[in-house]
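Here are the chains, one letter per residue:
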Amino acid sequence: MAKRTILAPVLILLGVYLILNQGGSLGPGTIFATFWPTLFVIPLGLFFHWMYFSMIGRGVGMLVPGGLLLTVGIVCQIAMLFDNWGTMWPGFLLAPAVGLFELYWFGGRNKWLLIPINILTVLSLLFFTVMSIGSVLSNMSYVQPFIAIALIVGGAWIIMGRKKHM
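A quick note: this is a predicted structure, and the numbers were derived from the prediction, not measured.

Novice: Explain the overall build of the chain here, please?
Specialist: Counting secondary structure elements, the chain contains seven helices and zero strands. Starting at the N terminus, the α and β elements of the chain follow one another as α-α-α-α-α-α-α. Relative to a compact globule of 166 residues, whose C-alpha radius of gyration would be 15 Å, the chain shows 23 Å and is clearly more extended. The C-alpha extent of the chain, read off along each of the three principal axes, is 75 × 50 × 20 Å. In the chain, buried positions account for 21% of the 166 residues. Contacts spanning at least 24 positions in sequence make up 56% of the contacts within the chain whose residues lie at least 6 apart. For the chain, the accessible area works out to roughly 11,700 Å², and carbon and sulfur atoms hold 76% of it.

Novice: Got a minute to help me understand the nonpolar core in this structure?
Specialist: Nonpolar side chains in soluble globular proteins tend to end up buried together. Within the largest apolar cluster, five residues are counted, these being Val-41, Leu-69, Val-72, Cys-76 and Ala-95. The biggest single contributor to this core is helix α3 (residues 63-82), with three residues. When sequence neighbours within four positions are dropped, the list of residues in contact with Val-41 reads Trp-36, Leu-69, Val-72 and Gly-73.

Novice: Which parts of the structure should I look at to understand the side chain of Ser-124?
Specialist: Take Ser-124: it is sitting in helix α6 (residues 114-139). Given a relative accessible area of 0%, Ser-124 falls into the buried group. If we skip the residues at most four places from it in the chain, Ser-124 touches Pro-90, Gly-91, Leu-93 and Leu-94.

Novice: Just to check I follow, could you spell out a nonpolar patch on the surface for this structure?
Specialist: Taken together, the side chains of Ile-12, Val-16, Ile-19, Leu-20, Ile-74, Ile-78 and Phe-82 define a hydrophobic patch exposed on the protein surface, amounting to about 640 Å² of accessible area. Mapped onto the nonpolar patch, the elements with two or more residues apiece are α1 (2-20) and α3. No other element matches α1, which puts four residues into the nonpolar patch. Position of Ile-12 relative to the elements: it lies in helix α1. Here Ile-12 falls in the exposed class, since its relative accessible area comes to 56%.

Novice: When you look at the UniProt feature "transmembrane region" (unreviewed entry) in the chain in this model, what are you seeing that I'm missing?
Specialist: UniProt's entry tags residues 31-53, 60-82, 88-106, 113-136 and 142-160 with the feature "transmembrane region" (unreviewed entry), counted in the numbering of this structure. Taken end to end, residues 60-82 is 87% helix and 0% strand, and its two terminal C-alpha atoms sit 34 Å from one another. Helix and strand shares over residues 142-160 are 89% and 0% respectively, and the end C-alpha atoms of the span are 28 Å apart.

Novice: Before we go on, may I ask you to explain the layout of surface pockets in this structure?
Specialist: Over the atoms, a rolling probe the size of a water molecule traces out where space has been left empty. Quantified by volume, the largest pocket comes out at close to 320 Å³. The wall of the largest pocket is formed by Thr-5, Ile-6, Pro-9, Val-10, Leu-13, Leu-14, Ile-31, Phe-35, Thr-38 and Leu-39. Elements that contribute at least two residues to the lining of the largest pocket include exactly α1 and α2 (28-55). A total of six residues in the lining of the largest pocket trace back to one element, the largest contributor, which is α1.

Novice: Whenever I open this one, the environment of Leu-120 confuses me. Can you help?
Specialist: Counting through the fold element by element, Leu-120 comes out in helix α6. Distance from Leu-120 to Phe-101, taken between C-alpha atoms, is 11 Å for residues 19 residues apart in sequence. Filtering out sequence-adjacent residues up to four positions away, Leu-120 remains in contact with Leu-93, Pro-96 and Ala-97.

Definitions and cut-offs
- Residues numbered from 1 in each chain as written.
- Predicted model: local features only at pLDDT ≥ 70, side-chain atom pairs only at ≥ 80, totals over all residues.
- Heavy atoms only, no water.
- Helix = DSSP H or I, 4+ residues; strand = E, 2+ residues; numbered from the N terminus.
- Rg over C-alpha atoms; globule rule 2.2 N^0.38 Å.
- Buried < 20%, exposed > 50% of the residue type's maximum accessible area, 1.4 Å probe, protein only.
- Contact = heavy atoms within 4.5 Å.
- Areas by Shrake-Rupley, 256 points an atom, 1.4 Å probe, with all protein chains shown as cover.
- Core = buried A, V, L, I, M, F, W, Y, C linked by side-chain atoms within 4.5 Å.
- Patch = residues over 30% accessible without salt bridge, like charges linked within 9 Å, V, L, I, M, F, W, Y side chains within 5 Å.
- Salt bridge = Lys/Arg side-chain N within 4 Å of Asp/Glu carboxyl O.
- UniProt positions renumbered as here; feature names shortened; annotations may be inferred.
- 1 Å grid on protein atoms, 1.4 Å probe; cavity = no way out; pocket = protein on both sides within 12 Å on 5 of 7 lines; lining within 4 Å.
- Points joined across faces, edges and corners; volume = space filled by probe spheres on them.

Written out as structure tokens, the structure reads:
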């Protein structure tokens, strides 16, 4: 059973990589350079989670590094596969929020943990939104003239609009 649980995700990831990298070189160095988060960071995050859940309620401090490493590993793996580090960097702000949220959820439900969790999550989502919109707009250069025309018309409408008498 253990062979199947290890071999199945490896085969799936390798298949996804081959689909995304058609015509590219395939060797141990390329695989190592592309899948280093899956090989090292994600298993370490899963190890911390396993340590907490196998000890049943003891060692709640294992969840913070576990959640942090698991989130960072997923963010890095997505960024490596799609080469979009410029869009994925807010995931590094989300990582400590995930670790702290796990500490809050499985720990003593300390309400003061919600302050940094919410601040980091909102900042991360805000930056994800801004970076995603910026990435989409930069890839669609045909939209720029329409945005320019809309800005000119909006400015002219404000200038030429009816003035209220005081």
